[in-house]
Amino acid sequence: MYTIDFSFEQKNIPSITIPNCPVDDSILEIALKNNIHIHHNCGGVNACSTCHIYLESGEDFVEEISDKEENFIDRARNPRINSRLSCQCVLLEGTGRIQVIVPDQSVIHGE
Ligand code: FES
């Protein structure tokens, strides 16, 4: 089980901490289950860049980035060294704390 701290580029959205996040869920799935809005145009199959997040800490707790994911991140808005696609950040066996920043969703065209 993990605890995930979500904070948001959009200043009007308060940070939220989600405890007891289960192994094998992706960060996108956890966000959506908890009414945290992250676009996900391709439905979570590593075929768009709309679910882009910044993984501030806890990268060892999620599946490693693939070449395909890196290619899509290159197309995301303002990619950084810690950019990931949230649908590809599946929680590995273990426990810990993960910190995520959700980019401004208002400037992304998507679902
Ligand atoms: S939802 Fe499309 S790559 Fe994550």
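Residues numbered from 1 in each chain as written. Predicted model: local features only at pLDDT ≥ 70, side-chain atom pairs only at ≥ 80, totals over all residues. Heavy atoms only, no water.

Draft legend 1. The overall build of the protein chain, seen in detail. In terms of regular secondary structure, the protein chain is built from 2 helices and 5 strands. If you list the helices and strands of the protein chain from N to C, you get β-β-α-β-α-β-β. Projecting the C-alpha coordinates of the protein chain onto the three principal axes gives extents of approximately 35 × 30 × 25 Å. Sorting the 111 residues of the protein chain into buried and exposed places 44% on the buried side. Relative to all contacts within the protein chain whose residues are 6 or more apart in sequence, the contacts with residues 24 or more apart total 69%. Here the protein chain has roughly 6,000 Å² of accessible surface; of this, 47% comes from carbon and sulfur atoms. (Helix = DSSP H or I, 4+ residues; strand = E, 2+ residues; numbered from the N terminus. Buried < 20%, exposed > 50% of the residue type's maximum accessible area, 1.4 Å probe, protein only. Contact = heavy atoms within 4.5 Å. Areas by Shrake-Rupley, 256 points an atom, 1.4 Å probe, with all protein chains shown as cover.)

Draft legend 2. Region of interest: the sheet that holds strand β3 (residues 52–57). Taken in spatial order, the 5 strands make up an open sheet running β2-β1-β5-β3-β4, and their pairing is mixed. Sheet topology places β2 (16–21) and β4 (83–85) at the edges, where each strand pairs with a single neighbour. Across the sheet, the axes of successive neighbouring strands diverge by a mean angle of 35°, strand direction being ignored. Relative to β2, strand β1 (residues 2–8) runs antiparallel, the two being bridged by 4 bridges. Note that in β2 the partner of D5 across the bridge is T17. (Pairing = 2+ DSSP bridges. Axes fitted to C-alpha atoms, helices over the stretch in contact; angles between N-to-C directions.)

Draft legend 3. Local environment of the side chain of S26. Here S26 shows up in the loop between β2 and α1 (27–33). The exposure class assigned to S26 is buried, which follows from its relative accessible area of 3%. The contacts of S26, once residues within four sequence positions are left out, are S86, C87, C89 and V90.

Draft legend 4. Up close: the packing of aromatic side chains. Counted under the stated rule, the structure contains 1 aromatic pair. With 5.2 Å between their ring centres and 45° between their planes, Y2 and F61 make a pair best called tilted. Note that Y2 is positioned in strand β1 and F61 in the loop between β3 and α2 (67–73), a separation of 59 residues in sequence. When the ring centre of Y54 is taken as origin, the NZ or CZ atom of R80, which lies over that ring, is 3.7 Å away. (Phe/Tyr/Trp six-rings, centres within 6.5 Å; stacked < 30°, edge-to-face > 60°. Lys NZ or Arg CZ within 6 Å of the ring centre and 35° of its normal.)

Draft legend 5. Here's a closer look at unusual backbone geometry. Residues other than glycine seldom take positive phi values, yet D24 does so here, at roughly 80°. Assignment of secondary structure puts D24 in the loop between β2 and α1. Owing to a relative accessible area of 58%, D24 belongs among the exposed residues under this scheme. Notably, N78 is not glycine yet its phi reads approximately 50°, a positive angle. N78 gets classed as partly exposed once you look at its relative accessible area, which sits at 46%.

Draft legend 6. Inspection of the pairing of β3 at higher detail. Judged from the 3 bridges that link them, β3 and β4 form a sheet pairing that is antiparallel. Its bridge partner lying in β4, I53 is registered against R84. Taken together, the 3 bridges between β3 and strand β5 (residues 96–102) define a ladder with antiparallel strand orientation. Looking across to β5, one finds that L55 is bridged to V100.

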